[in-house]
Amino acid sequence: MKWIKTILIGIAATFAMDLGMNLIMIIFGIAPTNIHPAAAFLYNLGIDQHYLSLLVHYSYGTLWALVFVYTFEKNFTAFTAIIFALVLWLFMMVVYSPIIGWGFFGIGNAQLLESDHPLYLSSSIDYLIMTAAVHIFYGATLGFLAGRFISQKERKITSNRNIYRTKS
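About the cut-offs
Residues numbered from 1 in each chain as written. Predicted model: local features only at pLDDT ≥ 70, side-chain atom pairs only at ≥ 80, totals over all residues. Heavy atoms only, no water. Helix = DSSP H or I, 4+ residues; strand = E, 2+ residues; numbered from the N terminus. Buried < 20%, exposed > 50% of the residue type's maximum accessible area, 1.4 Å probe, protein only. Contact = heavy atoms within 4.5 Å. Areas by Shrake-Rupley, 256 points an atom, 1.4 Å probe, with all protein chains shown as cover. Core = buried A, V, L, I, M, F, W, Y, C linked by side-chain atoms within 4.5 Å. Phe/Tyr/Trp six-rings, centres within 6.5 Å; stacked < 30°, edge-to-face > 60°. Lys NZ or Arg CZ within 6 Å of the ring centre and 35° of its normal. Bend = angle between axes of the 7 residues up to and from the residue. 1 Å grid on protein atoms, 1.4 Å probe; cavity = no way out; pocket = protein on both sides within 12 Å on 5 of 7 lines; lining within 4 Å. Points joined across faces, edges and corners; volume = space filled by probe spheres on them. Nonpolar A, V, L, I, M, F, W, Y, C, P; charged D, E, K, R; others polar.

(A) Main features of the overall build of the protein chain. Scanning the protein chain from N- to C-terminus turns up five helices and zero strands. Secondary structure elements of the protein chain, listed N to C terminal, follow the sequence α-α-α-α-α. Of all 168 residues assigned to the protein chain, the portion counted as buried reaches 39%. Looking at the protein chain alone, contacts between residues at least 24 apart form 69% of all its contacts between residues at least 6 apart. Roughly 9700 Å² of accessible area belongs to the protein chain as shown, and the carbon and sulfur atoms make up 70% of that amount.

(B) A look at the nonpolar core. Grouped together as the largest cluster of nonpolar side chains are 21 residues, with contacts concentrated most on Phe68, Tyr138 and Leu142. Elements with a minimum of two residues in this core: helix 1 (2-28), helix 3 (52-72), helix 4 (78-100) and helix 5 (124-167). It is helix 5 that provides the largest number of residues to this core, a total of seven residues. In contact with Tyr138, not counting residues within four places along its chain, are Gly10, Ala13, Thr14, Met17, Gly61, Trp64, Ala65, Ala85 and Leu88. Within the second largest apolar cluster, 15 residues are counted, among which are Ala40, Ile100, Tyr127 and Ala132.

(C) How the structure looks around the packing of aromatic side chains. Throughout the structure, instances matching the rule amount to nine aromatic pairs. Arranged with centres 5.6 Å apart and planes meeting at 35°, the rings of Phe41 and Tyr96 form a pair that is tilted. Taken together, the residues span a long stretch of sequence, with Phe41 in helix 2 (residues 37-44) and Tyr96 in helix 4 at a distance of 55 residues. Summarising the aromatic geometry, the rings of Tyr60 and Tyr96 are spaced 6.5 Å apart at their centres and angled 15° between planes, so their arrangement reads as stacked. One end of the pair, Tyr60, is in helix 3; the other, Tyr96, is in helix 4, with 36 residues separating them in the sequence. Overall, the relative accessible area of 40% leaves Tyr60 in the partly exposed class. Within the aromatic cluster, the residues linked to one another by ring pairs are Phe41, Tyr60, Trp64, Phe68, Phe72, Phe84 and Tyr96. Note that Arg148 overlies the ring of Phe149, its terminal NZ or CZ placed 5.9 Å from the centroid.

(D) Here's a closer look at helix 4. The sharpest bend along helix 4 reaches about 45° and sits at Met92. Every buried residue of helix 4 is accounted for by Thr80, Ala81, Phe84, Ala85, Leu88, Trp89, Met92, Met93, Tyr96, Ser97 and Ile100. Looking at the residues trailing helix 4, positive phi occurs at Gly101, about 115°.

(E) Fine view of the layout of surface pockets. Its volume calculated, the largest pocket comes out at about 560 Å³. Breaking the lining of the largest pocket down by element, the ones donating at least two residues are helix 1, helix 2, helix 3, helix 4 and helix 5. Ranked by the residues each element gives to the lining of the largest pocket, the list is headed by helix 5, at six residues. A per-class count over the lining of the largest pocket returns 20 nonpolar, eight polar and one charged.

(F) Fine view of the environment of Tyr127. Mapped onto the elements, Tyr127 comes out in helix 5. Separated by 97 residues in sequence, Tyr127 and Ile30 place their C-alpha atoms 8.4 Å apart. Residues contacting Tyr127, with those up to four places away along its chain left out, are Pro32, Thr33, Met92, Met93, Ser97, Trp102, Phe105, Gly106 and Leu121.

Printed below as a string of structure tokens:
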């Protein structure tokens, strides 16, 4: 049951990430990329990224939610999840972003592409701000939901086990 809850939490945290990205784009007018990073990754592989990119993105977010919950077990907090998400952001900047063609920390030749090219990157600074902010949304949501729906139940199970041990 824990893994089902974790999958749902991963989907919700990834949705919060997407919602945060849309809010930032609307409120601050920051849209450093023409397509989502998951779509850009698939584009580079020559795969039609229209709907598959959503599946890849949500699967990736859910995978990391599972890693987080099963790595930190009962010791997770929203703060721990935000740090975890920022480590994922760092991984994105050092590994994923260069693979896409956006360079380390968004510093590369993607700004030289035509502005309508799918892999065009308008600003390294906007890219850094946007991606870090949405990872914070992801981490905060992941930590809050995991703490609310997973750790409380496990604490009850652990305390019940301790009660039975002391009575014996």
